[in-house]
Amino acid sequence: MSALAVSLSALFFIILGWAYVKGYDVVRRHSPEHLVHFYLIMATIRMLLVATVVGVYVLLSDNRDDSIRFAIMFLGMYFVMMVVTLILKH
């Protein structure tokens, strides 16, 4: 796994986290009764995006061990992001 893959993965999760925080603030300000819906929609979008990125990497990679390491790293980052999201905003 290259440093580029790790850097792009970190950037991916930074952008997802930023979108969640900004979206949360907008929904809380304009329509707080819809925060539950926002959280569920964002959780679904994040899950689908993570599954898509891992799936594409695995399909395009020609090295099985590299694919496994990437999937473990990416899913670990996803797990950490979910824990941080639950601790900070709920």
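In the block above lies the structure referred to throughout.
This one's a predicted model, so the numbers in the text were calculated from it and none came from an experiment.

Basis of the calculations
Residues numbered from 1 in each chain as written. Predicted model: local features only at pLDDT ≥ 70, side-chain atom pairs only at ≥ 80, totals over all residues. Heavy atoms only, no water. Phe/Tyr/Trp six-rings, centres within 6.5 Å; stacked < 30°, edge-to-face > 60°. Helix = DSSP H or I, 4+ residues; strand = E, 2+ residues; numbered from the N terminus. Buried < 20%, exposed > 50% of the residue type's maximum accessible area, 1.4 Å probe, protein only. Lys NZ or Arg CZ within 6 Å of the ring centre and 35° of its normal.

### Details of the packing of aromatic side chains
Here's step 1: Per the counting criterion, the structure on display carries eight aromatic pairs.
Here's step 2: Geometrically, the ring pair formed by Tyr-20 and Tyr-39 is edge-to-face, given 6.3 Å between the ring centres and 80° between the ring planes. Of this pair, Tyr-20 sits in helix α1 (residues 3-30) while Tyr-39 sits in helix α2 (residues 35-60), placing them 19 residues apart in sequence. Take Tyr-20 and Tyr-39: they sit in the same class, and that class is buried.
Here's step 3: Pairing Phe-70 with Phe-74 gives two aromatic rings, centres 5.2 Å apart and planes at 25°, and the pair type is stacked. Of this pair, Phe-70 and Phe-74 both sit in helix α3 (residues 64-89), separated by four residues, roughly a single helical turn.
Here's step 4: For Phe-70, a relative accessible area of 3% gives the class buried.
Here's step 5: A relative accessible area of 1% means that Phe-74 is categorised as buried.
Here's step 6: In textbook terms, an aromatic cluster arises when at least three aromatic residues are bridged by ring pairs, as seen for Phe-12, Phe-13, Tyr-57, Phe-70 and Phe-74.
Here's step 7: The positively charged end of Arg-46 is found above the aromatic ring belonging to Tyr-20, 5.0 Å away from the centroid.

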